[in-house]
Amino acid sequence: MKRGLVIGKFMPLHKGHIALINFAAEQCDEVIVSMSFTNDDPIPHEKRFHWLIETFRGNEKVIPRLIPDVFDNPDLPLNERTKKWAEVIARVYPKIDVVISSEPYGEPFAKNLGAKHVAFDNERKQFPISASQIRLKPMSNWQFIPEIVRPFFVKKICFYGAESTGKSTMAGKMAAKYNTVFVPEVAREMLTSNDFTLDDIINIGHAHLGRILQATHDANKILFCDTDALTTQIYSQHYLGQIPNELLKVEKLMRYDRYFLFDIDVPWIADGLRDLGHMRKEMHARFKDELDKRAIKYVSVTGSWEEREKIVSVEIDKLLRDE
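Residues numbered from 1 in each chain as written. Predicted model: local features only at pLDDT ≥ 70, side-chain atom pairs only at ≥ 80, totals over all residues. Heavy atoms only, no water.

### Looking at the overall build of the protein
Thought 1: For the protein, the helix and strand inventory stands at 13 helices and 10 strands.
Thought 2: Its C-alpha atoms give the protein a radius of gyration of 25 Å, clearly above 20 Å, the size a compact globule of 323 residues would have.
Thought 3: By its C-alpha atoms, the protein is 80 × 40 × 40 Å across when sized along the principal axes.
Thought 4: Here the protein holds 323 residues, and 50% of them are scored as buried.
Thought 5: For the protein, long-range pairs separated by at least 24 residues make up 72% of all intrachain contacts whose partners lie at least 6 apart in sequence. (Helix = DSSP H or I, 4+ residues; strand = E, 2+ residues; numbered from the N terminus. Rg over C-alpha atoms; globule rule 2.2 N^0.38 Å. Buried < 20%, exposed > 50% of the residue type's maximum accessible area, 1.4 Å probe, protein only. Contact = heavy atoms within 4.5 Å.)

In structure tokens, the structure reads:
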């Protein structure tokens, strides 16, 4: 039995990691993939470990393991630093015969562990990428992000504002322009009138959230969302006189990378559900106030249809350049 070891934070798991682990599996009878973590990591360890498990589910040689990162001291010289690693690894895992890595720590770590070291793509010629580069600029390094990881980095865009301001039309146009998908205003699929109940509005909030989470798996870098949980809360307050706590919980489950507040300087058009044409200024102020109360930054979308499309496109292009 030849047992290998690959260590890392996998924050996030990228194609270079996958190639490294597959290479290790070719060299050994089994490979322990030891993922270290802290509770302050920018990507939750549960999510990262799930990516590892699912990516290698079909490879019986690969054995993902979690280990709390309570033993590292980056201020020590590399040999002393890896000696501490080796002491912990030797206590936690069965005997390791070979350490496989593409990092400078590989050789001293293996020596301190009493194992052989096998290097993989040390110069990063096959996969010129690091996890920190992906965290800093995910859009620019999209090609190195595995399919299972991409939904985490999809930029979620909220088109937000009062009724009849062009949000739905813009969502469709932008999705087509950027070769991606959009989430429509789910309330319009679930309601035939503005005579609804608290249960109805809660169901709408959960359904809209569910559609967004599902759509991140189909999105190409950007996901356009027509309205959000704040919108559902605003209409709940207006039509029912209250906001159920459940909608406040739903709000906290979704973060958007950019808000676009659509102005009311376009014609109001009735469509069966819309009935607030006489309150446009009041509703626009309400929508804006909810963003301001939460200190949410937004881009104002105003002017002609062409000007609105240009405003949105300029901001999306910035996001795609990781600006």
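### Here we look at the sheet that holds strand S6 (residues 155-160)
Thought 1: Overall, parallel pairing links the 5 strands, which are arranged S7-S8-S6-S9-S10 in an open sheet. The open sheet has two edge strands, strand S7 (181-183) and strand S10 (299-301), and neither has a second partner. Direction aside, the axes of adjacent strands within the sheet are offset by 25 degrees on average.
Thought 2: Here 5 bridges tie S6 to strand S8 (residues 222-226), and the two strands are oriented parallel to one another. (Pairing = 2+ DSSP bridges. Axes fitted to C-alpha atoms, helices over the stretch in contact; angles between N-to-C directions.)

### Some words on the packing of aromatic side chains
Aromatic rings considered in pairs are described by the distance between their centres and by the relative angle of their planes.
Thought 1: In this structure the tally under the stated criterion is 15 aromatic pairs.
Thought 2: With 5.5 Å between their ring centres and 85 degrees between their planes, Tyr160 and Tyr259 make a pair best called edge-to-face. In this pair, Tyr160 is assigned in strand S6 and Tyr259 in strand S9 (residues 258-262), connecting sequence segments 99 residues apart. (Phe/Tyr/Trp six-rings, centres within 6.5 Å; stacked < 30°, edge-to-face > 60°.)

### A look at the environment of Leu253
Thought 1: Mapped onto the elements, Leu253 comes out in the loop between helix H11 (245-252) and S9.
Thought 2: Residues Leu253 and Asn194 lie 59 residues apart in sequence; the distance between their C-alpha atoms is 26 Å.

### Some thoughts on the side chain of Ser164
Thought 1: Tracing the chain through its elements places Ser164 in the loop between S6 and helix H7 (167-177).
Thought 2: A residue is classified by how much of its surface remains accessible, and Ser164, at 7% relative accessible area, is buried.
Thought 3: Polar side-chain contacts of Ser164 include one of 2.9 Å to the backbone nitrogen of Ile269.
Thought 4: Contacts of Ser164, omitting those with residues within four sequence positions, involve Val266, Pro267, Trp268, Ile269, Arg274 and Arg280. (Polar contact = N/O pair within 3.5 Å; in protein donor to acceptor, adjacent residues only side chain to side chain.)

### Comments concerning the sheet that holds strand S4 (residues 98-101)
Each strand in a sheet pairs with its neighbour through backbone hydrogen bonds, running either in the same direction (parallel) or in the opposite one (antiparallel).
Thought 1: Here 5 strands make up an open sheet; going across it, the order is S3-S2-S1-S4-S5 and the pairing parallel. Pairing within the sheet leaves two strands with one partner each, and these edge strands are strand S3 (62-68) and strand S5 (116-119). Direction aside, neighbouring strands of the sheet carry axes that sit 30 degrees apart on average.
Thought 2: By the bridge criterion, 6 bridges tie strand S1 (residues 3-8) to strand S2 (residues 30-37) in an arrangement that is parallel. When the sheet's bridge partners are listed, Ile7 is paired in S2 with Ser34.
Thought 3: Set on the sheet, helix H1 (residues 15-27) makes contact with S1, S2, S3, S4 and S5; between it and S4 the angle comes to about 150 degrees.
Thought 4: Against the sheet, helix H4 (residues 106-113) makes contact with S1, S4 and S5, and its axis sits at roughly 165 degrees relative to S4, the strand it touches most.

### A short note on H7
Thought 1: Every buried residue of H7 is listed here: Lys167, Met170, Ala171, Met174 and Ala175. Buried residues of H7 fall within an arc of 130 degrees about the axis and therefore sit on the same side. Facing away from the buried side of H7, by more than 90 degrees, are the exposed residues Thr169 and Ala176.
Thought 2: Along its buried surface, H7 packs onto S6, S7, S8, S9 and helix H13 (305-320). (Arc of directions from axis to C-beta.)

### So, the nonpolar core
Thought 1: Formed by 60 residues in total, the largest nonpolar core has its most connected members in Leu52 and Tyr160.
Thought 2: In this structure, Tyr160 is in contact with Lys167, Asp228, Leu230, Thr231, Ile234, Tyr259, Phe260, Leu261, Phe262, Phe287, Glu290 and Leu291, ignoring residues within four places of it in sequence.
Thought 3: Counting residues in each nonpolar core, the second largest holds 17 residues, with Trp85, Val88, Ala110 and Leu113 among its members. (Core = buried A, V, L, I, M, F, W, Y, C linked by side-chain atoms within 4.5 Å.)

### Things to note about the pairing of S4
Thought 1: Across the two faces of S4 the burial is the same, with Val98 and Ile100 and Val99 and Ser101 all buried.
Thought 2: Both S1 and S4 contribute to a ladder of 2 bridges, which runs parallel. What sits directly across from Gly4, in S4, is Val98.
Thought 3: Inspection of the sheet shows S4 paired to S5 by 4 bridges, in the parallel sense. Residue pairing across strands places Ile100 opposite Val118, the latter belonging to S5.

### So, the pairing of S6
Thought 1: For S6, the buried fraction is high: 6 of the 6 residues fall into the buried class.
Thought 2: Here S6 shows a buried face lined by Lys155, Ile157 and Phe159 and a second buried face lined by Lys156, Cys158 and Tyr160.
Thought 3: Where S6 and S9 come together, 4 bridges link them in parallel fashion. Looking at the pairing, Phe159 lines up with Phe260 of S9.

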